[in-house]
Amino acid sequence: MTENRKLATILSLDVAGYSHAAELNDRAAAEGVRKVRALITEVASPLGGRIFSSAGDGFMLEFPSATAGVRAALALLNESASERRALPKIRIGLHLGEVMVEDNGDLLGHGVNVAARLQVLAEPGSAIASEAVKAQVRTDEELPFTPAGRVQLDKMSEKIAVFRLGPGHAKLLNKISRRRLARALLFGGLAAVPVLGFTAWRLLDRRPGTNAPPTLAVLPFSALGGGADDAAFAAGLHDDLLTRLGSITALRVIARNSVLAYAGATTRASQIAHELGANAVVEGAVQRSGNRVRVTVQLIDGGTEVQKWSDTYDRTLTADNLFDIQREMTEAIAHALGTVLTAQEMTEAFVGGTHNLDAYEAYARGRLLVRDADPAQDDAYAAAIAAFDQALARDPNFASAYAMKAYALSRSFVSFEPQQTADRQLRDEARLALERAHSLAPNAAATHFAFAAYFYWGYLDYGQSLHHMDQALAAAPNDADFWDLKALITRRAGRFAESIAAFDRAISLDPLNMDAIVADAFLLGITGGFAQSEALLARARAIGGSPLTVNRLSGLVRSFQGDAAGAWTLLKNDRSAASQDLRLSFAMCTRNAANVEFALRDWPEEFRRPPSFPQLYDVDRAIALRMLGRTEEARRLLLQVKAQLDASANPYPDGAPMLPDVVPGLLGDLAGVRAAERDFAAHAPNDELYRLARNYSFAVSFLNAGDADRAIHYLQANAAVLGPSFFLRLTIDPQLDALREHPGYLALKRNFEIWRGSPH
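Residues numbered from 1 in each chain as written. Predicted model: local features only at pLDDT ≥ 70, side-chain atom pairs only at ≥ 80, totals over all residues. Heavy atoms only, no water.

## Focus on the overall build of the chain
(1) Moving on: A tally of regular secondary structure across the chain gives 32 helices and 14 strands.
(2) Moving on: Across the 760 residues in the chain, those meeting the buried criterion constitute 54%.
(3) Moving on: Restricting to contacts in the chain with at least 6 residues of sequence separation, those with at least 24 account for 66%.
(4) Moving on: Accessible surface, the chain: about 31,800 Å² in total, of which carbon and sulfur atoms supply 49%. (Helix = DSSP H or I, 4+ residues; strand = E, 2+ residues; numbered from the N terminus. Buried < 20%, exposed > 50% of the residue type's maximum accessible area, 1.4 Å probe, protein only. Contact = heavy atoms within 4.5 Å. Areas by Shrake-Rupley, 256 points an atom, 1.4 Å probe, with all protein chains shown as cover.)

Structural data, given as structure tokens:
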């Protein structure tokens, strides 16, 4: 019998988390799969696609062309994310290859197997396509492909280039219902509540899966010499090795921040691997003596603690020899873990280096200073910039030093106000360093990373920033700092789904990053992921996060759920400066006069009049007095505040904890609120997070000033971004009581009730 073979575009799809969902509620899980199948039929048929195999929650489809397959994948992803669909998340693999056609129409063979393995690599809500698919898409189609490096397919010898597709590309399709995921927003009880200055990540299950790439924890190297210079040298060598290993697409490397927790510890390798979600652990020691260096390193299996590989490198101390040691270690570790390091990856890992040992040591010192800097401190990066200058004085052609200097200068920008003279000077210096880095190593990951930081912090130019971030990640797909910056950029740009995906990847590579965990809890809380948010906060407590920070965030999450009493209980005894606005807000939301009086009385005197806005306590007290029915007393206090503000040349300086529309609103000055609105529209930064915060403040101020319709406009604008769960926080805010019967408010309530009654 003649064997029937052909080329076909194969789409492999499964329902993410189906087994867990079925364990909780098998009927609901089965209904979700039925809905997914109906969606597949709806999307695939017009594009010439068909299901040729299905099993449980998995489906295999054939399409007549790569373009049809990609368009189907995008449609499926976007429609499955639509609120009106109420579907579980899916993940998709796409491949174009040769298949065998069975008599019953089933397809078998290598092409089908590759698609199935790519689907396993895709994160929930996304698709992974092979290079073969991308190569066949019509050039006049603007179908989006984001490079995701090269991957080693499970149980296959080949390593192929892959590309990521996601639901952020719905503009290409005619029928799309896009679910807009929310971002960080202040709690709206008081207009003056400050926005948390965190970044956001989603905590992933870090147990290595059977199909996941190997995950490696490289512990800090011991410095056997004992001196400060020896310790810095060992730390720099360790940091470099992390960077080299991070360039390997088929390997995940835990970030420096997380492995530093185990520096000098006697913890067993198996316990470290378990806590970090790693398959293997690397331990090393460095000893310098005169012009010699000895590096001893071993690779230990994370489950059995069996030594998989070890070696000792004893060389004359030169920059070239250090690079040779790093190169040999990188290759040996990759080989021991069963991964393949391509020549291109090795080249990219070492581009932009130096042949001067003094330059290398200064650069390594500067990079460590950058990583350990606290951006909230003045001159946090000054020492790092000086170290990079020392490196460049010894080697003027050291591309990586120029790139890191530019990054440190960009991070030194004091605010998002580029017109300030200091910022302009820093920006100009950063640009000069970037131009040198680009001329020496235009395709280096460090160069693109520095450009991304420059455009982001210097200009809020998200398009340019993301262009360079994608280039950096293509070269170094396992760098947690790179994913972190991409998450920050996309978040502030309002591209929330992309931001969450980037945060997911960052935290999977840096699992002990406390800022990431608590920030993600905040993000999940404002978007309705309350259970996940609470779980993250529990993890933060277990790791040992600041009790004040965790409690403050827990209170916010309770308020997002409409739990005023729970929020108040968590912050009732918190007398820290950052919590006072919030504590009074929660007290008001309980509608208990004793709680409000306590919050006012217990507000520490030293925190009542911050230099940036000395009237803070008086305004907040006036808001509380209004709630308590003491309106005349509140008005007299507000008139005093207004007189002080009118007499000030700069009543609302940058960073002031009060917005300019609040006092006019409380005084019923509609013209004043409108003036603040016009000023914001004229000077609003390109910042979706800040816009959401201002929207809530304007809603309260317009309502206080008598314009309920305008108040509803702003609340609806936020609900469109944050989703129906946003309604819950409105229910406990006493400043919105006058809106309860407004048709717009009732519409928000109906949308919430529909959302609450549907699977999500």
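## Description of the environment of Glu275
(1) Moving on: On the secondary structure map, Glu275 appears in helix α8 (residues 269–276).
(2) Moving on: In this structure the side chain of Glu275 is engaged in a polar contact, spanning 2.8 Å, whose partner is the side chain of Gln271. (Polar contact = N/O pair within 3.5 Å; in protein donor to acceptor, adjacent residues only side chain to side chain.)

## Things to note about the confidence of the model for the chain
(1) Moving on: Predicted confidence across the chain gives a mean pLDDT of 83, with 87% of residues reaching 70 or more.
(2) Moving on: In the model, residues 167–211 has pLDDT below 50 throughout and makes 165 contacts with residues more than four positions away in sequence or in other chains.
(3) Moving on: In this model, residues 415–421 is a region of pLDDT below 50 whose contacts with residues beyond four sequence positions or in other chains number 15 contacts. (pLDDT = per-residue confidence, 0-100.)

## Focus on helix α2 (residues 26–44)
(1) Moving on: The end-to-end C-alpha distance of α2 is 27 Å, a good match for the 27 Å that 19 residues give at a rise of 1.5 Å each.
(2) Moving on: Every buried residue of α2 is listed here: Ala29, Gly32, Val33, Val36, Leu39, Ile40, Val43 and Ala44. All buried residues of α2 lie within an arc of 120° about the axis, which places them on one face of the element. Projecting away from the buried face of α2 at angles above 90 degrees are the exposed residues Arg27 and Arg34. (Expected span 1.5 Å × (residues − 1). Arc of directions from axis to C-beta.)

## Describing the pattern of salt bridges
(1) Moving on: Across all of its chains, the model carries 37 salt bridges by this definition.
(2) Moving on: The partner of Arg315 in a salt bridge is Glu328, and the shortest N-O contact between them spans 2.9 Å. Linking Arg315 in strand β14 (residues 307–316) with Glu328 in helix α9 (residues 319–336), this pair joins segments that are 13 residues apart in sequence.
(3) Moving on: Residue classification places Arg315 among the partly exposed positions, given a relative accessible area of 22%. (Salt bridge = Lys/Arg side-chain N within 4 Å of Asp/Glu carboxyl O.)

## Looking at the packing of aromatic side chains
(1) Moving on: Counted by the stated rule, this structure contains 24 aromatic pairs.
(2) Moving on: Summarising the aromatic geometry, the rings of Phe522 and Phe560 are spaced 5.7 Å apart at their centres and angled 50° between planes, so their arrangement reads as tilted. Of this pair, Phe522 sits in helix α19 (residues 514–526) while Phe560 is found in helix α21 (residues 547–560), placing the two residues 38 residues apart along the sequence. Neither residue differs from the other here; Phe522 and Phe560 are each classed as buried. (Phe/Tyr/Trp six-rings, centres within 6.5 Å; stacked < 30°, edge-to-face > 60°.)

## Observations regarding unusual backbone geometry
(1) Moving on: We note that Glu305 has phi near 65°; this positive angle belongs to a residue other than glycine.
(2) Moving on: Here Glu305 is to be found in the loop between β13 (292–301) and β14.
(3) Moving on: The phi torsion at Arg591 lies on the positive side, around 60°, for a residue other than glycine.
(4) Moving on: Relative to the helices and strands, Arg591 resides in the loop between α23 (580–589) and α24 (593–601).

## A word on the pairing of strand β1 (residues 5–15)
(1) Moving on: Burial within β1 is extensive, with eight of its 11 residues counted as buried.
(2) Moving on: Sheet topology note: the β1/strand β4 (residues 90–101) ladder contains 11 bridges and is antiparallel. Each residue of the ladder has a partner; that of Leu7, found in β4, is Glu98.
(3) Moving on: Taken together, the six bridges between β1 and strand β3 (residues 58–63) define a ladder with antiparallel strand orientation. Directly across from Ile10, in β3, lies its bridge partner Glu62. (Pairing = 2+ DSSP bridges.)

## A short note on the nonpolar core
(1) Moving on: Counting residues in hydrophobic clusters, the biggest one holds 81 residues, and the most contacted among them are Leu584, Val619, Leu715, Leu730, Leu736 and Leu739.
(2) Moving on: The element that contributes the greatest number of residues to this core is α19, accounting for nine residues.
(3) Moving on: Discounting chain neighbours no more than four positions away, the residues touching Leu736 are Tyr696, Val700, Leu703, Leu715 and Leu730.
(4) Moving on: Core analysis: the next-biggest nonpolar cluster, separate from the first, contains 56 residues, Ala401, Tyr402, Leu426 and Phe503 among them. (Core = buried A, V, L, I, M, F, W, Y, C linked by side-chain atoms within 4.5 Å.)

## With respect to the side chain of Asn695
(1) Moving on: Within the element layout of this structure, Asn695 appears in helix α29 (residues 688–704).
(2) Moving on: Sequence-distant contacts of Asn695, that is, excluding residues within four places in its chain, are made with Tyr714, Ala717 and Asn718.

## Observations regarding the packing of helix α16 (residues 462–475) against helix α17 (residues 480–492)
(1) Moving on: Following both chains from N to C, one finds α16 and α17 inclined at 155°, their axes separated by 10 Å at the closest point. On the basis of the axis angle, α16 is roughly antiparallel to α17. Crossing handedness for the pair α16 and α17: left-handed. Of the residues in α17, those in contact with Tyr462, Ser465, Leu466, Met469, Asp470, Ala472 and Leu473 of α16 are Phe482, Trp483, Leu485, Lys486, Ile489, Thr490 and Arg492.
(2) Moving on: Across the contact of α16 with α17, the residue classes tally to nine nonpolar, two polar and three charged. (Axes fitted to C-alpha atoms, helices over the stretch in contact; angles between N-to-C directions. Parallel < 35°, antiparallel > 145°, perpendicular 65-115°, else oblique. Left-handed = near helix turned anticlockwise from the far one by under 90°. Nonpolar A, V, L, I, M, F, W, Y, C, P; charged D, E, K, R; others polar.)

## Structural notes on the pairing of β14
(1) Moving on: Here β13 pairs with β14 via nine bridges, running antiparallel. Across the sheet, Ile300 pairs through a bridge with Gln307, a residue of β14.
(2) Moving on: What sits between β13 and β14 in their antiparallel hairpin is a turn of five residues, with Glu305 showing a positive phi close to 65°.

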